[in-house]
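Structural features, examined
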Amino acid sequence: MLFVSRCTRIYQNILPKHKNCIHTRVSSRNGYVVLLPELSKDVTEQLVQVNADHPNFTDLDIKKCENTMNNQLIDFECGIRDIEDYLNSVEDGKYDLFKDVLEPVETLNNKFDQIWSILKTLYLADLSKMPARIYYPLHNKACMSHSTKYNSKPIYEACKKAELSKLTEEQVAVVNKFIKEGKLNGLELNEKLYYSFKANKQKCSIKQKYFKIRLEMAWSQFQHVIDNPQLVKDFPEDLLTLMALNKENPKKRPWKVSLTWGAAERFIEYCPDRDIRWNVWQAYEKAASPADETRELNNGLEVEEIRKLRDEAAEKLGFKNYGELSLITKMAPSISAIENTLMTILDKARPLQDQEIESLQEFSNKKGNEYPIQLWDVNYWARLQKKELYGYDEVEWSEYFPIDRVLDGLFNLCEQLYGIRILEVPNKANLWHSDVKYYEVLHENEPTIMAGFYLDLSSRPQKMKVVSEPGWIVTHRPASSVPKKVLPISALIMNFQTAKNKNPSLLNFNQVKTLFGKFGHLLQNILCQVHYSEVSGLSNVEWDAIGITSNFMIHWLYEKEIFDSINSHYKTGKRLPNDQLTELKQHMAGFNTCEELYKCMLDIKMHTIKTNWNDLVKDMWNDYYGFPLSKWNSFPCRFHEVMSNEQGAASYYSSLWSRIIAADVFQSFKVPDESVKHTGLNFRDTFFAFGGSCPSGEIFRRFKGRDPNPEAFISDLGLDKDCN
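Residue positions within a chain follow its written sequence, with the count starting from 1. Only residues with pLDDT of at least 70 are given local features in this predicted model, and only at 80 or more are side-chain atom pairs given and counted; all residues enter the totals for whole chains, interfaces and linings. Side-chain figures throughout are based on the complete set of non-hydrogen atoms in the structure, without hydrogens or water.

Which entries qualify depends on this criterion: UniProt positions are given in the numbering used here, feature names are shortened, and annotations may be inferred rather than shown by experiment.
Looking at an unreviewed UniProt entry, one finds the chain named Oligopeptidase A, with Sipha flava as its source organism. Here the chain is described in UniProt, under the heading Sequence similarities (unreviewed entry), as follows: "Belongs to the peptidase M3 family."

**Quick word on the packing of aromatic side chains**
Formally: When the centres of two rings from Phe, Tyr and Trp lie within 6.5 Å, Trp using its six-membered ring, the rings pair. Their planes under 30 degrees apart give stacked, over 60 give edge-to-face, and anything left gives tilted. Under the DSSP-based scheme used, a helix requires at least four consecutive residues in state H or I and a strand at least two consecutive residues in state E, with every element numbered from the N terminus.
According to the stated counting rule, one finds 55 aromatic pairs in the structure shown. Both rings, one in Phe-235 and one in Phe-267, keep their centres 5.9 Å apart while their planes meet at 80°; by these two values the pair is edge-to-face. Here Phe-267 lies in helix H10 (residues 263-270) and Phe-235 lies in the loop between strand S4 (224-226) and helix H9 (237-243), a separation of 32 residues in the sequence. Summarising the aromatic geometry, the rings of Phe-363 and Trp-381 are spaced 6.2 Å apart at their centres and angled 80° between planes, so their arrangement reads as edge-to-face.

**A few points about the UniProt feature "domain: Oligopeptidase A N-terminal" (unreviewed entry) in the chain**
Per the UniProt record, the feature "domain: Oligopeptidase A N-terminal" (unreviewed entry) sits at residues 81-191. For residues 81-191, the helix share is 70%, the strand share is 0%, and the end-to-end C-alpha distance is 20 Å.

**Concerning the UniProt feature "domain: Peptidase M3A/M3B catalytic" (unreviewed entry) in the chain**
Per the UniProt record, "domain: Peptidase M3A/M3B catalytic" (unreviewed entry) is found at residues 269-718. Summarising residues 269-718: 50% helix, 8% strand, and an end-to-end C-alpha distance of 23 Å.

**Some points on the domain arrangement of the chain**
Let me state the cut-off plainly: Residue ranges for the domains originate in an automatic or database domain assignment. Note on definitions: a residue-residue contact is assigned when non-hydrogen atoms from the two residues lie within 4.5 Å. Using a 1.4 Å probe, buried area is obtained as the accessible area two parts lose upon being combined, added over both of them. Throughout this description, the term salt bridge denotes a Lys or Arg side-chain nitrogen within 4 Å of a carboxyl oxygen of Asp or Glu. The term polar contact refers here to a pair of N or O atoms within 3.5 Å; inside protein, the definition further demands a hydrogen-donor-capable atom paired with an acceptor-capable atom, and it admits residues adjacent in sequence only when both atoms are side-chain atoms. In this count, Pro and Cys sit with the nonpolar residues alongside Ala, Val, Leu, Ile, Met, Phe, Trp and Tyr, while Asp, Glu, Lys and Arg are called charged and the others, Gly among them, polar.
Splitting the chain by domain gives domain 1 (62-188), domain 2 (205-370 + 592-651) and domain 3 (398-577 + 653-717). Relative placement of domain 1 and domain 2: their C-alpha centres are 36 Å apart. Listed as interface residues are four residues of domain 1 and, on the opposing side, five residues of domain 2. At the boundary of domain 1 with domain 2, total buried surface from both sides reaches about 440 Å², with 83% on carbon and sulfur atoms. Joining domain 1 to domain 2, the criterion identifies zero salt bridges. At the boundary of domain 1 with domain 2, the tally comes to zero residue pairs in polar contact (both at pLDDT 80 or more). Partitioned by chemical class, the residues of the side of domain 1 that touches domain 2 number one nonpolar, one polar and two charged.

**Observations concerning unusual backbone geometry**
With an omega of -5°, the peptide bond between Arg-253 and Pro-254 qualifies as cis. Note that Pro-254 resides in the loop between H9 and strand S5 (255-257). Cis geometry marks the peptide bond from Val-482 to Pro-483; its omega dihedral reads 0°. Here Pro-483 shows up in the loop between strand S9 (471-477) and strand S10 (489-496). Not every positive phi belongs to a glycine, and Asn-540 is a case in point at roughly 75°. Along the chain, Asn-540 turns up in the loop between helix H18 (509-526) and helix H19 (548-555).

**Digging into the pairing of strand S8 (residues 449-458)**
Stated formally: Partly exposed residues are those whose accessible area sits between 20% and 50% of the maximum for their type, while under 20% is buried and over 50% is exposed, using a 1.4 Å probe and protein chains only. Here, a strand pair is defined by DSSP locating no fewer than two bridges between the strands.
Burial analysis of S8 places nine of its ten residues in the buried class, which makes it a mostly covered element. Note that strand S7 (residues 437-443) and S8 share six bridges and pair antiparallel. In the strand pairing of S8, Lys-437 is matched with Leu-455. The hairpin turn running from S7 into S8, its antiparallel successor, is five residues long.

Below is the structure:
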């Protein structure tokens, strides 16, 4: 790529000399003109393939993808600049906001996203075709390019001038999205304050990056090798694989304990040696804290600096604090509403936690434990107690969930609820691997195709694997009718156990829950009925409402009929007992809920008041836990979900909020004499159909006829049990 300096005359002189180049105009205020190598014939054909309904994945190669995306990035930015030039040249009121501005943006965006989805799918599904060294530079450029539409002052000003009363509900949502994003990007600020705001954001971004680097380095300092097979004999295969030094044979000694991304919690849950459990737990507590032996890795000061920078940015935008700013992307109406809801739940959960720990102490004593239960003991003994009370064992239960059986039950449930048929279509679409399957979604009693989706569920050596992320949904084509109506298509990519030795792929129960939850998100993407991709599927859904559809689907797993439909021993055909599903779900709910509430409220307090994080921890701890506060406890120093990611700031409660709403929604299916099918269709025509085109609170009211409350959530987890 050749960048030619500012003078247009130079551009005019040079262009004739480069007969094998095509030129792409970039607005003169950017100060340069871009010359791109002319695309060869095979790349041109590749552009056609990428824009086809079902791309030919088998013929894609790295260079073609890279060239295609680089050209698309420039096409997109130039398209936005052209729209800006048009707005700058036309008089106010002499243009149609949607026809002349937002629909052209929509057309550019759809082409951009369609091509990007191909690259993202290849990256997640086959690193040999799209290695990280190629993907990440493209990803960074794509994020910058894509953000130009929300950083455009002319488009922002045009949206602010819109007469909302003359627009449809969906169009209002699109306009409000551009206004919201523009405001968060500082487009309301004067020039001096704008550059100060951007500098603040850049500095905060660097601090957040270093927070994560320090934490990962602190985790990597810990070393504990296990050479005793008896110690790991009850460990599930995925945990052994995570710890194994010999990845080809995870059952072969030795194994290394790691603190990274959830590995420590999993190890503590299964380790029978209390001293080793404590050693791992205390190392995890100390990581990146003032108590860390490596002082350079201390995140304590970084936490305060990040908080300060976030508050400063929020104040520049006119908000009281960062917590108030975050509400602009949330369903919850106010910080006080969030706090009141969480405190209502805590009032029920905290007494139950004490009762659960007392029960756990009695159970452990009967099994030979001579020590008072401490935090590093809870999950270990809770697992054993759950096995004795309800027969739940993650390893043993996995033999009852062959993936084909689970998928059949999942598809049948969706057909019963949503009036659809899900059919595999073997030869309809070209696939990126033989493991992948393509399905079409049809109306229940009509041949009309509503949507399509890919399923790529099996683990492979070249597939992307992230411990903290069980799977991904890639939107290949969102529901949209601009510039023309298209068939929504998405892909669900996961890393479940591969079938081997003539045995089917088997899922543990947590993986079954993950699959049901991800499929809820998939359905929200492909069953959406909107005109604009800006508000299609999960796009523009509030952060604290994104998990509603996924958690709603998970609720069905605890219904006896559905549970029976998804489990069958892969050898004998025998089914698991279904008479204690509710008790299984409610086991240790008091303790687990208090733990989540503590993190939620700590995050909110850290972004609404200025009290030092260490004092906050000390002030809050006893309200949420029945255990003494560890002298090493510096949780904010490893609270990476919040501190290393701006989107997570003042948002940790979002997952719990979605669960609260989902429980309230699911309660509607328990109303006596109310048809489950009728209620399911109502759910489809609200939560799925509207996507992000309507505020989630309003969608809930249209579905339920009232505002949400936490009563169903409290009841579902048994938090309202009498603790006296």
